Amino acid sequence: MPPGTGETPDAGGAGSAPAENTVGSIASALPSVMATDYTGTMARKTIPRGGDSRQPKRRSSGSRAAPAPAKARRRPAPSPPPAALTTWTPGEVEEAFRRFRAANPAPRGELAHQDPFTLLIAVVLSAQATDAGVNKATPKLFAVADTPEKMVALGELRLRELIKTIGLYRTKAKNIIALSRALIAEHGGRVPHDREALEALPGVGRKTANVVLNGAFGEPVIAVDTHVFRVANRTGLAPGKTPFEVEGSLEAVVPEKYKRHAHHWLILHGRYVCKALKPACGRCLINDLCRWPDKNLLSV
Ligand code: SF4
């Protein structure tokens, strides 16, 4: 929580007023009670991920976990928001991210890791699992295998034992051993700072590649998981029918200076405030900007 964050947005009035009229009227700072919902302290809680926009399913048949070449993907034009939702103005987008940054200037991911390799492994393990669940398993795993070489030496069976509390652990163990071998054979045992090379690794899809590019290499890319997907569509900020489309919409509207942390701000907002079943609109930082017609400003 940064200092000087004492002003309270008028949640009720602001939330019910048209966004265009209230952008400049919201506090430049946050009340302490609200700010706690936007800081790293909330990283302790996680909820199961739905899987609707998680890892792309790869190589569902057969037992091979060989790398597949990454395909160049042509991004569709961003979808317009649903008819009921008006498009955000650049000033409103700027204001929303200004508030996210004021509340949490240096957001961090919730997956425990030490370096690019352990981040990559943690993200692969997190597909359709909770970050909390992954964080319970990885300390023991990384104590014995924190490099591709050690992971290969550990072997698939022992790896399975160490991650068996995580969903889909058999498939994940297979992919982790295969991707560790690929890192040794093709990248000198290092995680490549390259999207295509990352996506070619077993078990690594676009979202995982984006998380690694952002978290390990500081690239201003925005990984779209189930929370980011929901927030982008529900608010009308960056609509899209697929995670890939939403990613493109976010790329188009988020100012450059906010892209480095946009993924974390949106994921934390979706996980702890703009929740799937019961969004807490009453303590939402951007309730005056949000276009969702069903917001309940009494919900905190
Ligand atoms: S919690 Fe979500 S739906 Fe509610 S006002 Fe905030 S962004 Fe909109």
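Keep in mind the model is a prediction, meaning the values are calculated, not measured.

A. Highlighting the overall build of the protein chain. Along its length, the protein chain carries 13 helices and 0 strands. Order of helices (α) and strands (β) in the protein chain, N terminus to C terminus: α-α-α-α-α-α-α-α-α-α-α-α-α. Every one of the 300 residues in the protein chain was classed for burial, and the buried ones make up 46%. Restricting the contact set of the protein chain to residue pairs at least 6 apart, pairs at least 24 apart contribute 68%.

B. Highlighting unusual backbone geometry. Despite not being glycine, Q128 shows a phi value in the positive range, around 55°. Mapped onto the elements, Q128 comes out in the loop between α4 (116-125) and α5 (131-144). Its 15 C-beta neighbours within 10 Å are what place Q128 among the partly exposed residues. With a phi close to 60°, L168 is a non-glycine residue in the positive phi region. Position of L168 among the secondary structure elements: in the loop between α7 (156-163) and α8 (169-187). For L168, a count of 15 C-beta atoms within 10 Å puts it in the partly exposed group.

C. Here's a closer look at the confidence of the model for the protein chain. Looking at the protein chain as a whole, its pLDDT mean stands at 81, while 72% of the residues score no less than 70. Taken together, the stretch residues 1-36 has pLDDT below 50 and engages in 57 contacts with residues farther than four places along the chain or on a different chain.

D. Representation of the environment of K140. Examined against the element boundaries, K140 turns out to sit in helix α5. The class of K140 is exposed, set by 12 C-beta atoms lying within 10 Å. Separated by 22 residues in the primary sequence, K140 and L162 place their C-alpha atoms 7.2 Å from one another.

E. Highlighting the site of the ligand. Around the ligand, a shell composed of 13 residues is seen, among which C274, P279, C281, C284 and C290 lie nearest. By residue class, the composition of the shell around the ligand is 9 nonpolar, 2 polar and 2 charged.

F. The arrangement of the packing of helix α11 (residues 226-235) against helix α12 (residues 243-253) in detail. Running from amino to carboxyl end, α11 crosses α12 at an angle of 60°, the nearest separation of the two axes being 10 Å. The angle between the axes of α11 and α12 places the two elements in the oblique class. Considering only the axes of α11 and α12, their crossing is left-handed. Facing V228, F229, A232 and N233 of α11, the residues of α12 in contact are P243, V246, S249 and L250.

Definitions and limits used
Residues numbered from 1 in each chain as written. Predicted model: local features only at pLDDT ≥ 70, side-chain atom pairs only at ≥ 80, totals over all residues. Helix = DSSP H or I, 4+ residues; strand = E, 2+ residues; numbered from the N terminus. Buried ≥ 20, exposed ≤ 12 C-beta atoms within 10 Å, placed from the backbone. Contact = placed C-beta atoms within 7 Å. pLDDT = per-residue confidence, 0-100. Near = placed C-beta within 6 Å. Nonpolar A, V, L, I, M, F, W, Y, C, P; charged D, E, K, R; others polar. Axes fitted to C-alpha atoms, helices over the stretch in contact; angles between N-to-C directions. Parallel < 35°, antiparallel > 145°, perpendicular 65-115°, else oblique. Left-handed = near helix turned anticlockwise from the far one by under 90°.

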